[in-house]
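Chain residues, written in single-letter form:
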Amino acid sequence: MGRRRAFDEDEVVRAAVGLFGGRAYDGVSVDDLVTHLGVHRNSLYKTFGSKRGLYLAALRRHLADDVQPLAEALSAATDAATVLRLVASADLGLLLLAAVERAPADEEVAAEVTEALAALDQAIADALGISTALAAALTAAALGLRLRNNPGDPAEALARRLDPLN
């Protein structure tokens, strides 16, 4: 008979969301996981199969716990400024890192990221009564503001960036 698991898998996955969301996949070693998550190396491999297996579990948890609730909140938005504020205040670190770091090299991550972004686009399109193409542009603008780390009001930051186009 095997030994009982000495850790809570759910807690480990939640902690991994924070670790991967703060340092990215390539910035986290298996030693980092063992140290920061308090899981023995053998237990990590037995439970998740690999670092990538834990990463995928963490990404899916992030999408379910952070991105899906954001999509639900976005579906109730009444204007673009509210959309930008919601996206600017959401915890999207792991989604953004997954999109730029892992999605280009990992088809499974790319599929998860694509589905999550499509859900955000659709929620915005439905809420504002606009096309999904225009909603995707608004999503891209909002996420771009996140990547640029603009302080203050995100709607104002976007307006400042768009002003030279007029």
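Our structure's up above, just so we're on the same page.
So, a few notes on the structure that sits alongside this text. (Residues numbered from 1 in each chain as written. Predicted model: local features only at pLDDT ≥ 70, side-chain atom pairs only at ≥ 80, totals over all residues. Heavy atoms only, no water.)

**Remarks on the packing of helix H5 (residues 80-89) against helix H8 (residues 132-148)**
Going by this rule: Fitted lines through C-alpha atoms serve as axes, helices being fitted only where they are in contact, and the angles separating the N-to-C directions of these axes extend from 0 to 180 degrees. Note on conventions: DSSP H or I runs of at least 4 residues are helices, E runs of at least 2 residues are strands, and numbering of each starts at the N terminus. We call two directions roughly parallel when the angle between them is under 35 degrees, roughly antiparallel when it is over 145, roughly perpendicular when it lies between 65 and 115, and oblique otherwise. For a crossing to be left-handed, the near helix must be turned anticlockwise from the far one by less than a right angle; the clockwise case is right-handed. Whether two residues touch is decided by their heavy atoms; if any such pair falls within 4.5 Å, the residues are in contact. For this classification, Asp, Glu, Lys and Arg are treated as charged, while Ala, Val, Leu, Ile, Met, Phe, Trp, Tyr, Cys and Pro are nonpolar and the rest, including Gly, are polar.
With their axes 9 Å apart at the nearest point, H5 and H8 run at an angle of 45° to one another. The orientation of H5 relative to H8 falls into the category oblique. As for how H5 packs across H8, the hand of that crossing is right-handed. For the pair H5 and H8, the contacting residues are Ala80, Val83, Leu84, Val87 and Ala88 in the first and Leu138, Ala142, Leu143, Leu145 and Arg146 in the second. Looking at side-chain class alone, the contact of H5 with H8 contains 9 nonpolar, no polar and 1 charged residues.

**Digging into the packing of helix H2 (residues 30-37) against helix H3 (residues 41-48)**
A pair of packed helices can be characterised by two numbers: the angle between their axes and the separation between those axes. One way to put it is that H2 packs onto H3 with a least axis distance of 10 Å and a crossing angle of 100°. One finds that H2 runs roughly perpendicular with respect to H3. Within the contact between the two elements, H2 uses Val30, Asp31, Leu33 and Val34 and H3 uses Arg41, Leu44 and Tyr45. The residue makeup of the contact of H2 with H3, split by class, is 5 nonpolar, no polar and 2 charged.

**Let's talk about H5**
Inclusion rule: Each residue is assigned to one of three classes by its accessible area relative to the maximum for its type, calculated with a 1.4 Å probe on protein chains only: buried under 20%, partly exposed between the two thresholds, exposed over 50%. The arc refers to the directions leading from the helix axis to the C-beta atoms. Polar contact criterion, stated in full: a pair of N or O atoms within 3.5 Å, where within protein one must be able to donate a hydrogen and the other to accept it, and residues adjacent in sequence count only if both atoms are side-chain atoms.
Buried within H5 are the following residues: Val83, Leu84 and Val87. Down the axis, H5 shows its buried residues gathered within 95° of arc, on one side only. At the N-terminal end of H5, a side-chain oxygen is found 3.2 Å from the backbone nitrogen of Ala81, two or three residues along, and the residue is Asp79.

**Quick look at helix H7 (residues 107-128)**
We count it as follows: A helix is expected to span 1.5 Å for every residue after the first.
With 22 residues, H7 should cover 32 Å at 1.5 Å per step; its first-to-last C-alpha distance of 31 Å lies within 8% of that length. Turning to H7, its buried residues number three or more, namely Val109, Glu112, Val113, Ala116, Leu120, Asp121, Ala123, Ile124 and Ala125. Check the buried side of H7 and you find it contacts helix H4 (51-74), H5, helix H6 (93-102) and H8. Its side-chain oxygen at 3.0 Å from the backbone nitrogen of Glu108, Asp106 defines the N-terminal cap of H7. Gly129 lies just past H7 and shows a positive phi near 65°.

**A closer look at the nonpolar core**
Most often, soluble globular proteins keep nonpolar side chains buried together rather than apart. Condition: Buried Ala, Val, Leu, Ile, Met, Phe, Trp, Tyr and Cys residues form a nonpolar core when they are joined through side-chain atoms within 4.5 Å.
Counting residues in each nonpolar core, the largest one holds 47 residues, and the members touching the most others are Phe20, Leu54 and Leu92. Those elements that place two or more of their residues in this core are helix H1 (9-23), H2, H3, H4, H5, H6, H7 and H8. It is H4 that contributes the most residues to this core, 10 residues altogether. When residues no more than four places from it in sequence are discounted, the contact partners of Phe20 are Tyr25, Val28, Leu33, Lys51, Leu54, Tyr55, Ala58, Leu94 and Leu97.

**A short note on the packing of aromatic side chains**
Heads up, the condition is: Paired rings are identified among Phe, Tyr and Trp, the last through its six-membered ring, by centres lying within 6.5 Å, and are further divided according to the angle between planes into stacked (under 30 degrees), edge-to-face (over 60) and tilted (the rest).
Scanning the entire structure with this criterion turns up 3 aromatic pairs. With centroids separated by 6.1 Å and ring planes inclined at 15°, the aromatic side chains of Phe20 and Tyr25 adopt a geometry described as stacked. Across this residue pair, the class does not change: Phe20 and Tyr25 are buried. Taking 5.0 Å as the distance between ring centres and 85° as the angle between the ring planes, the aromatic pair formed by Phe20 and Tyr55 counts as edge-to-face. With Phe20 in helix H1 and Tyr55 in helix H4, the pair connects residues that are 35 residues apart, well separated along the chain. For the pair shown, Phe20 and Tyr55 are each scored as buried.

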